[in-house]
Amino acid sequence: MGLLDEMVWFCLGQIIQAIWSELMNMKKRWINKSGNQYDSSLEQWTTIIRPESGWFDINLQELWCYRDLIYLFVKRDFVSIYKQTILGPLWYLIQPILTTLVFTIIFDKVAKLSTDGLPPVLFYLSGIIVWRYFADCLQKTSNTFVGNARIFGKVYFPRLTVPISVVISNLISFTIQLALFGCFWLFYSVQGAGLNLHLAAMLLPFLVLQMAALGLGCGIIISSLTTKYRDLAQLVGFGIQLWMYATPIVYPVSIIPEQWRWAMALNPMSATIEAFRYVFMGVGTINIAGLWASSLMTISILISGIILFSKVEHNFMDVV
Amino acid sequence: MLDNSRADQLNTVINVEGLWKQYRLGSINHGTLISDIQSWWARLRGKDDPNLRIDQIQKLQNPTPSAMLDTETDRCFWALRDVSFSVKEGTILGIIGRNGAGKSTLLKIMSRLTRPTLGQVRIRGRVSSLLEVGTGFHPELTGRENVYLNGAIHGMGKQEVTRKLDEIVAFAEIDKFIDTPVKRYSSGMYVRLAFAVAAHLDPEILIVDEVLAVGDIVFQKKCLGRMEAVRKAGRTVLFVSHQLNMVESICDEAIIIDKGCLVKRGTTSDIITEYMKSSCDNRLYKDNLLNIKNRRGNGKILLKSFHIEDTSGNKWDNIISGMDVVFVFGYECQFEENLDNVDIGMSFHSIIDNQALTILYASYVGKVFKIVNKNGFFRCMVKRFPFVEGKYKLRARLTVNGAEADFPLDGIVDIDVVCGDFFRSGSPGFGPGPYYLVDGEWAVE
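Everything in this summary refers to the structure shown in the same document.

Criteria and cut-off values
Residues numbered from 1 in each chain as written. Chains lettered and ligands numbered in written order. Predicted model: local features only at pLDDT ≥ 70, side-chain atom pairs only at ≥ 80, totals over all residues. Heavy atoms only, no water. Helix = DSSP H or I, 4+ residues; strand = E, 2+ residues; numbered from the N terminus. Buried < 20%, exposed > 50% of the residue type's maximum accessible area, 1.4 Å probe, protein only. Contact = heavy atoms within 4.5 Å. Areas by Shrake-Rupley, 256 points an atom, 1.4 Å probe, with all protein chains shown as cover. Core = buried A, V, L, I, M, F, W, Y, C linked by side-chain atoms within 4.5 Å. Expected span 1.5 Å × (residues − 1). Salt bridge = Lys/Arg side-chain N within 4 Å of Asp/Glu carboxyl O. Polar contact = N/O pair within 3.5 Å; in protein donor to acceptor, adjacent residues only side chain to side chain. Pairing = 2+ DSSP bridges. Axes fitted to C-alpha atoms, helices over the stretch in contact; angles between N-to-C directions.

With that out of the way, let us pick up the overall build of chain B. Across its full length, chain B holds eleven helices and 21 strands. Of all 445 residues assigned to chain B, the portion counted as buried reaches 48%. Of the contacts made within chain B by residues no fewer than 6 positions apart, 70% connect residues no fewer than 24 positions apart.

Given below as C-alpha cells:
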C-alpha cells in the first residue's frame, strides 16, 4: 500500500509540474509574439530536438496545426474501406442488424435472458451499436504504431493524429448506426412499447465522448506496449470479446445479484451502456455514482495513455 | 562587430551540438516485462537501474565523450559520435559518407523521427524531410485526394495545397488523370505525382535523402531544376546522396561522415576529392599483371603493375573529369641487358563497342626511353582529364625498337570516371552522352 501511495503522489506531482511548465511555455510564446520582433527571433528557435526530457512531452498546439491532416485521414479511412464493395456504406447497417438477429435468437429465444421488459431487438441493438463503437475505437487504435511503422519511419507529424482520426472516423459509422437505432425506436414506439425518451438523452454527446476517450486511451496504451511486446496484439481481439461479456450487452444489470453489483462498477463501460439504455428507453437505473466512477477511470486511462504514447513515439523507430 | 555576430546568429538556421546516438543491438529489452518496469521505475525516481551493470551506470552518470565510447559493448553501438555543425540560411549542404556511416541516423534525428541520446539540434523555420516520395499515398484515393493527403502529412495546410494544386499537376504532367485512383496509374505517373508534391513543399528547410534518384533522365533534370529554384528562393537544403556528381552540381558545401563522426567540412569539390581519396581501397591497384595469359609480344619487357595517382602521389580509385591524373605502369625486364628505344602507349576504349577513343604513346610527345633497371615505373601525367563520367577500358602496349614487346590483349583495367568540374565553372556540362570534354572560349561580336 505504501508503494502504491507513493506512486500516486509522485505521478500527481509530475503531472502538475508538467502542466505548469506547459502553461509557462505558452505564456512565454505569447509574450514573444507580442513583444519585440528582433529580439525574439534572435533567441527563438522554432524546433529544438533533444533527448527525451520530462515525460509529459506533448505539444497540443502542434496537434491543432495538423487538424487538416486529421480530417484527411478520416476521409481516407471512410472512402477506402468501402471502395470496390457492392453495398458500400450499407455494411454499416448490415453488421448490427445481423448481429442483433443472432443475439435475439440465441440469448432471447434460446437462453431466455431477461431484457428488462424491452423489445429484445431494441435491447440488443442498442447494446451492440454502443459496444461496437467502443470496441472499434479500441481495436483500431491499438494498431497505431505497428500498423503505421513504415510511414512513421519516413516523415514526422504528430503521431496522435492517427488514433484521433480513427476515433473520429468511427464516429461516422456510429452516427449512421444510431440513425438505424432511431428508426427501430420509432417503429416500436408507434407499436406502443412504452418507451420513455428521457430528457437526459441530452447527455448522449457526453456518453459518446466518454466511450471515445476510453477506447482511445486503452488503444494507445496497447499500441505503445505492442512496439516492444508483440504478444499483446494477439490478446486484443480476444480481450475485447471477453470484455463484451463482462459488460451488460446481452443481459441487463438487473439480473446480477445485488451483492455482486459493485463488481460492475469496476468496468467503466457498464455504467455507460446502462445510461444509454436508460435515457432512450427508460429502463434500468441511471447510476450517477457509476457514471462518475467510469468518467474518472476514463480520464486517468486517457492521460496515462497519452503520456505513454508520447514517450514511445520519440524512440519507437529504434525499437519496432 | 556586435551587430555582425548578431546577424550571424540570425543567419544560422540549423545548429547541431554534440549529437550522440546510441543503438542497442540484439534484444531490445531486458526480456521480461517485470525487469523493464523495475528499470523504468528506478529511472523515474532518479535511482540506479537495478538491471544495469555497475560500470555502465558510472559511465552514464558522467557522459564525457570518452566515457560514452567506453559504454560501447557488444550490446550497443554509437551511430553518431559527437557531431556538431551549423548551417546558414540559403546554404545547400551535402552530406556524404559510406553506407552505415551514420548519415541516415543524422537525417532521422533532424527530421524528428527519433531522438538523440545526447546533444541537441536547434532549427529555425519549418522543416520538411523527404526521405521517401509518396509517403502515405493510398491506392484507392484519386490523384487529387492523395496530393492533399501527402501534402498534409508533410505539414501543408489544405489551403496551401489548393493554391499549389495546378502547379503540382502541371509538374507531374498528369492533368487528365488527376481524378483517377492512383492504383490505376503507371508506375512512372505514380512517381511523378509523388515527386511533384514533394517538389512543391515550400519549407524554409528541406532535408532530402537520395530520393532524386527516381524517374527517367528528363524528370531528374526537372527535379534538379526545381532544386535550383529552391536555392534561388534562399531556402536551406540538406542533401544526402551517393551520387557524387549530383552533390557536386547542387551543393555549396559538404560534410563527410564516417563511423558516426563528422570528419571534415568544406567546399563541395574539396570534400569530394577528400572523400574519394579516403574511400580509395586500392580497387584499381593492379600488381599482378604478370599473371595475365592472353598477351602478345616478344616479352623483352613486361607490364607488371598499374595504378593511378593524383599529383601529390595519393592513390585513387576513380578519376574525376577535369582532374590532373597520373597513370603509373610498373615494368619488369626479362633479360639482363639494357634496352634502348623503349616506347609505351596507352589507350582508352568505349566499354560498349571497344572503340578506341584516344591513344597516347610516349613517342607522340617526343619521348623514347632507355631502360637500365630490371624493375621500374613509367609515369604519364594527363592534365585536366577530358572524359565525361562513365566507364572506360584502359589498354597499354610496350615496344622495343619498334617491335612489339608486350600487349595484354584484354586490356589492363576498367576505369570509372565521375563527373567533375572540368570547365572550372561549376557546370557539369551536358552529362553522359558525348565522350570528350573540350575547353574553349566563347565570345559574341
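Below, the discussion takes up the overall build of chain A. Tallying secondary structure elements over chain A gives 14 helices and one strand in all. When each of the 320 residues of chain A is scored for burial, the buried share is 46%. For chain A, the share of sequence-separated contacts (at least 6 apart) that also reach a separation of at least 24 residues comes to 79%. Here chain A displays about 16600 Å² of accessible surface, and carbon together with sulfur accounts for 69% of that area.

A separate point is unusual backbone geometry. Residues and elements named next belong to chain B. Positioned with a positive phi, Glu173 is a non-glycine residue whose angle comes to about 55°. Relative to the helices and strands, Glu173 resides in the loop between helix H7 (158–172) and helix H8 (187–199). We classify Glu173 as partly exposed; its relative accessible area is 45%. With a phi angle near 60°, Asn341 is a residue other than glycine that sits in the positive phi range. Here Asn341 is to be found in strand S15 (residues 339–350).

This part takes up the nonpolar core. Ranked by internal contacts, the top residues of the largest apolar core, which has 163 residues, are A:Phe157, B:Ile301, B:Phe306, B:Phe327 and B:Phe329. The dominant element in this core, judged by the number of residues it contributes, is helix H6 (residues 120–141) of chain A, at 13 residues. Other than its neighbours up to four places away in sequence, B:Phe327 contacts B:Phe306, B:His307, B:Ile308, B:Ile319, B:Met346, B:Phe348, B:Phe378, B:Arg379, B:Cys380, B:Val382, B:Phe385 and B:Ile415. Formed by 27 residues, the second largest nonpolar core is a distinct cluster that contains A:Tyr156, B:Val16, B:Ala101 and B:Leu238.

For helix H9 (residues 161–190) of chain A, which comprises 30 residues, the first-to-last C-alpha distance of 43 Å matches the rise-based estimate of 44 Å (1.5 Å per residue) to within 8%. Following H9(A) by one or two positions, A:Gly192 adopts a phi angle in the positive range, close to 85°.

With that settled, consider the pattern of salt bridges. Residue and element names in this part refer to chain B. In the structure shown here, the tally under the stated rule is 21 salt bridges over all chains. For Asp202, the salt bridge goes to Arg235, with nearest N and O atoms at 3.6 Å. Linking Asp202 in the loop between H8 and strand S6 (205–209) with Arg235 in the loop between helix H9 (217–232) and strand S7 (236–240), this pair joins segments that are 33 residues apart in sequence. Given a relative accessible area of 36%, Asp202 falls into the partly exposed group. A salt bridge links Arg379 to Glu309; its shortest N-O distance comes to 2.5 Å. Highlighted residues: Arg379 in strand S18 (residues 375–382) and Glu309 in strand S11 (residues 301–310), separated in sequence by 70 residues.

In this section: helix H6 (residues 143–153) of chain B. Given 3.6 residues per turn, any residue in an α-helix points the same way as the ones three and four places further on. The element H6(B) is extensively covered by neighbouring structure, given that ten of its eleven residues are classed as buried. Among the residues of H6(B), B:Gly143, B:Glu145, B:Asn146, B:Val147, B:Tyr148, B:Leu149, B:Asn150, B:Gly151, B:Ala152 and B:Ile153 are the ones counted as buried. Next to the buried residues of H6(B) lie helix H4 (67–82) and helix H8 (149–152) of chain A together with H7 and H8 of chain B. A positive phi of about 90° marks B:Gly155, the residue just after H6(B).

For the rest of this paragraph, the subject is the side chain of B:Gln120. Structurally, the position occupied by B:Gln120 is in strand S4 (residues 118–123). Its relative accessible area of 14% is what places B:Gln120 among the buried residues. Among the polar contacts made by the side chain of B:Gln120, one reaches the side chain of A:Arg50 at a distance of 2.8 Å. Each residue touching B:Gln120, except ones within four places of it in the same chain, is listed here: A:Ile48, A:Ile49, A:Arg50, B:Asn15, B:Val16, B:Glu17 and B:Leu19.

Right, let's talk about the sheet that holds strand S5 (residues 127–130) of chain B for a bit. All names here are of chain B. One open sheet holds the six strands; their spatial order is S5-S6-S7-S3-S8-S9, and the pairing between them is mixed. Across the chains shown, the open sheet's two edge strands, defined by having one partner strand only, are S5 and strand S9 (261–267). This sheet shows a mean twist of 15° between the axes of neighbouring strands, independent of strand direction. Taken together, the four bridges between S5 and S6 define a ladder with parallel strand orientation. The residue of S6 that forms the bridge with Leu130 is Val208. Lying on the sheet, helix H11 (residues 268–278) is in contact with strand S3 (92–96), strand S8 (253–258) and S9; it crosses S9 at an angle near 135°.

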